[in-house]
Amino acid sequence: MTRDDVARLAGTSSAVVSYVVNNGPRPVSAEKRRRVLDAVKELGYRPDRVARAMASRRTDLLGLIVPDARQPFFGELTHALERAAADRGKMVLVGNSDYQEEREIHYLHAFVGMRVSALILVSLGLGDRIAAELDTMDTRVVLMHERSASVRKFAVVTDDVEGARLATRHLLQHGHTAVACLGGPESASPAGDPVADHVEGWRKAMADAGRPTEGLLFHAPYNRYDTYEIGLRLLAAPDRPTAVFCSTDDQAIGLLRAARQLGVDVPGELAVAGFDDVKEAAMTDPPLTTVASDREAMARRAVDMALDPELVATTSGETDRTRRFPSRLVVRASCGCPNPDATSRLLAARTPKATD
């Protein structure tokens with residue numbers, strides 16, 4: 001069955017069938033859309049996507065590059081992007097960079113060679129090489145999780161600095177005078193790494209409270225397993241901190257495991273806060289206080305930017321090409337709040353809306 005067969009049965013033109021099947025680019029009335037869909041179902045018509053890709057030199061694929069989809073935050077983000085892309089009739093190809101610039105470049109070239117409709121890049125370090133590669137690409141690229149002033153691409157990000165400041169300030173309000181911070185590994189680039197923004201937010205909160213930070217910043221990998229080992233050493237020290245802000249929830253989960261191993265009571269002897277609000281954060285023991293943003297809305301915006309950047313810029317007035325989503329504090333038991341649910345609801349009501 002062909003598109004012309006569908007058009008004859010539906011009593012429309014082949015162009016209208018194309019608009020319905022491809023969900024655009026022109027609108028179709030509800031009545032005509034119903035007739036076309038009924039005809040498609042009756043005839044068992046399936047569009048020839050290979051032929052369409054050859055004609056348009058583009059596929060129905062979006063390329064997505066993430067550091068490590070095994071980590072809960074990136075896994076949940078990937079799932080949200082996949083759902084948003086499916087709503088637009090697209091499929092997602094995923095490449096894991098393993099935090100390596102060479103692998104990011106490899107997937108950039110591979111996905112462009114596969115004629116993806118657009119690319120979404122979740123990078124933890126937009127260095128000069130990546131910036132140079134992006135500047136030479138005709139394929140649309142949307143940055144997520146981090147942006148760079150030197151890369152003129154659309155970007156969807158979280159207010160990482162403010163989120164970290166909120167979490168650290170909350171720990172200080174519990175009476176802790178020395179809030180430690182688990183930052184990223186020492187090898188991480190200070191520019192282009194969202195975790196560097198988390199450290200900056202921690203420093204700002206400490207400065208606002210008149211508290212020093214010297215000797216309170218500890219480098220740790222982004223995953224729970226290596227952070228667990230670092231946590232064992234940190235919490236076994238005689239001058240261990242009484243509160244720790246972790247730059248990722250995965251780090252916080254590793255630290256909680258180390259505390260349990262050493263018999264350190266959380267939150268009685270140690271208050272802990274994380275960042276990302278992965279689903280597992282609500283299931284830790286005790287449940288983890290953390291920083292959240294609207295991941296589903298961010299995914300939808302990233303996909304919209306990837307597929308219709310001109311439309312997004314026109315309708316939202318995003319003159320600097322960046323959509324910044326606010327962070328909000330999610331209070332649970334690990335920080336020491338006696339009534340975390342009520343506190344979290346109050347803070348959520350005060351959270352500002354996303355800004356451009």
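The structure this text deals with has already been given above.
Fair warning: this is a prediction, and the values are worked out from it, not measured in the lab. (Residues numbered from 1 in each chain as written. Predicted model: local features only at pLDDT ≥ 70, side-chain atom pairs only at ≥ 80, totals over all residues. Heavy atoms only, no water.)

Assigned secondary structure in the protein chain consists of 14 helices and twelve strands. Looking at the protein chain residue by residue over its 356 residues, the buried ones come to 51%. Total accessible area computed for the protein chain in this model is approximately 17200 Å², and 50% of it derives from carbon and sulfur atoms. (Helix = DSSP H or I, 4+ residues; strand = E, 2+ residues; numbered from the N terminus. Buried < 20%, exposed > 50% of the residue type's maximum accessible area, 1.4 Å probe, protein only. Areas by Shrake-Rupley, 256 points an atom, 1.4 Å probe, with all protein chains shown as cover.)

Below, the discussion takes up the sheet that holds strand E9 (residues 271-273). Judged by pairing direction, the sheet is parallel, and its four strands sit side by side in the order E7-E6-E8-E9 without closing on themselves. Every other strand in the sheet has two partners, leaving strand E7 (217-219) and E9 as the edge strands with one partner each. Shown here is a sheet whose adjacent strand axes are inclined to one another by a mean of 20 degrees, direction ignored. Pairing of strand E6 (residues 179-183) with E7 involves three bridges; the strand directions are parallel. When the sheet's bridge partners are listed, Gly183 is paired in E7 with His219. Its contacts with the sheet put helix H9 (residues 194-208) on E6, E7 and strand E8 (243-246), and the angle it makes with E6 is roughly 170 degrees. Seen against the sheet, helix H11 (residues 249-262) touches E6, E8 and E9 and runs at an angle of roughly 145 degrees to E8. (Pairing = 2+ DSSP bridges. Axes fitted to C-alpha atoms, helices over the stretch in contact; angles between N-to-C directions. Contact = heavy atoms within 4.5 Å.)

This part is about helix H7 (residues 128-135). If you check which residues of H7 are buried, you get Ile130, Ala131 and Leu134. Seen from one end, H7 has its buried residues packed into an arc of 100 degrees, which puts them on one side. The exposed residues of H7 that point more than 90 degrees off its buried face are Asp128 and Asp135. Of the surrounding elements, those touching the buried residues of H7 are helix H6 (101-113), strand E3 (118-122) and strand E4 (140-144). (Arc of directions from axis to C-beta.)

This next bit is on the pairing of strand E1 (residues 61-66). Among the six residues that make up E1, six are buried, leaving the element largely enclosed by the rest of the structure. Residues Leu61, Gly63 and Ile65 point to one face of E1 and Leu62, Leu64 and Val66 to the other, with burial holding for every one of them. Where E1 lies against strand E2 (residues 91-96), six bridges are found, and the strand directions are parallel. Note on E2: the bridge partner recorded for Val66 is Asn96.

Right, let's get into helix H3 (residues 30-43). Given 3.6 residues to a turn, an α-helix orients residues that are three or four positions apart in the same direction. Its 14 residues give H3 an end-to-end C-alpha distance of 20 Å, which sits within 8% of 20 Å, the value for a rise of 1.5 Å per residue. By the burial criterion, the buried members of H3 are Val36, Ala39 and Val40. Buried residues of H3 fall within an arc of 100 degrees about the axis and therefore sit on the same side. Along H3, the residues that are exposed and aim more than 90 degrees away from the buried face are Ala30, Lys41 and Glu42. (Expected span 1.5 Å × (residues − 1).)

Right, let's talk about unusual backbone geometry for a bit. In this chain, Val266 is followed by Pro267 through a cis amide linkage whose omega measures 10 degrees. Turning to its location among the elements, Pro267 is positioned in the loop between H11 and E9. Of the consecutive residues Asp285 and Pro286, the connecting peptide bond is found in the cis state with omega at 0 degrees. Relative to the helices and strands, Pro286 resides in the loop between E9 and strand E10 (290-292). Even without glycine at this site, Asp98 takes up a positive phi of about 55 degrees. You will see that Tyr99, though not glycine, has its phi angle at about 65 degrees, which is positive. Tracing the sequence through the fold places Tyr99 in the loop between E2 and H6.

Interpretation note: all reported values are geometric properties and have no functional meaning in isolation.
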